[in-house]
Amino acid sequence: MENQPLSTGSYAKNYGLVLGLILILISVIMYVTGMQLEGVQWPMYIYYVLFPVVIIYVISQYKKNNSNLLSLSQAIKIGTLIGVISALVFAVYGLVFNYIIDPGFQEQAMEVVKDKLLENPDLSEEMVEQQIIMMKKFSNPILGSALWIALSAFFGLLYSLIGGVAMKKEA
């Protein structure tokens, strides 16, 4: 009797949840410390580094626990699912944050951005208003969540493709 391959879904689910929770933690820290309103981005770089590292690590662990076998499709499933699951977890948090925890945060953020743009002598008040109008169109939490999920799926696919090509070993 042949060994059945391990479930890619269980690997992806666990680590996708962990990545989503890490992103929520980073976001909460940025919110509580005021970094989010100030536009400080460096804490997000931690996530941007962790994302591919976790995907490659999970693919390698899957291969190790799967009799040292890995197909490219298994790697792609793992990485893409990790990306989507982590993004879904964060999207739920984002919606709760924007509609329940602090519904006025987006307006506050827009005011901060507007003030910073007005400080730029090269921008007229009319140009600043046009930029703010565009930003408001794209600051919808539902649209932002959908975009975050799509980007996470894309980058999960990309990193898992790289990891899968590098680690691929079929029977």
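That block above? That's the structure.
These numbers were taken from a predicted model, which means no experiment stands behind them. (Residues numbered from 1 in each chain as written. Predicted model: local features only at pLDDT ≥ 70, side-chain atom pairs only at ≥ 80, totals over all residues. Heavy atoms only, no water.)

Draft legend 1. Molecular detail of the overall build of the protein. When its secondary structure is counted, the protein shows seven helices and zero strands. Ordered by position from the N terminus, the helices and strands of the protein form the series α-α-α-α-α-α-α. Against the compact-globule benchmark of 16 Å for 171 residues, the protein has a radius of gyration of 20 Å, which places it well outside the compact range. Referenced to the eigenvectors of the C-alpha coordinate spread, the extents of the protein come out at roughly 70 × 35 × 25 Å. Looking at the protein residue by residue over its 171 residues, the buried ones come to 35%. Accessible surface, the protein: about 10200 Å² in total, of which carbon and sulfur atoms supply 67%. If you average the places of the 10 positive and of the 12 negative side-chain charges in the protein, the two averages end up 21 Å apart. (Helix = DSSP H or I, 4+ residues; strand = E, 2+ residues; numbered from the N terminus. Rg over C-alpha atoms; globule rule 2.2 N^0.38 Å. Buried < 20%, exposed > 50% of the residue type's maximum accessible area, 1.4 Å probe, protein only. Areas by Shrake-Rupley, 256 points an atom, 1.4 Å probe, with all protein chains shown as cover. Lys, Arg positive; Asp, Glu negative; His and termini not counted. Charge placed at Lys NZ, Arg CZ, Asp CG, Glu CD.)

Keep in mind these numbers describe shape, not what the thing actually does.
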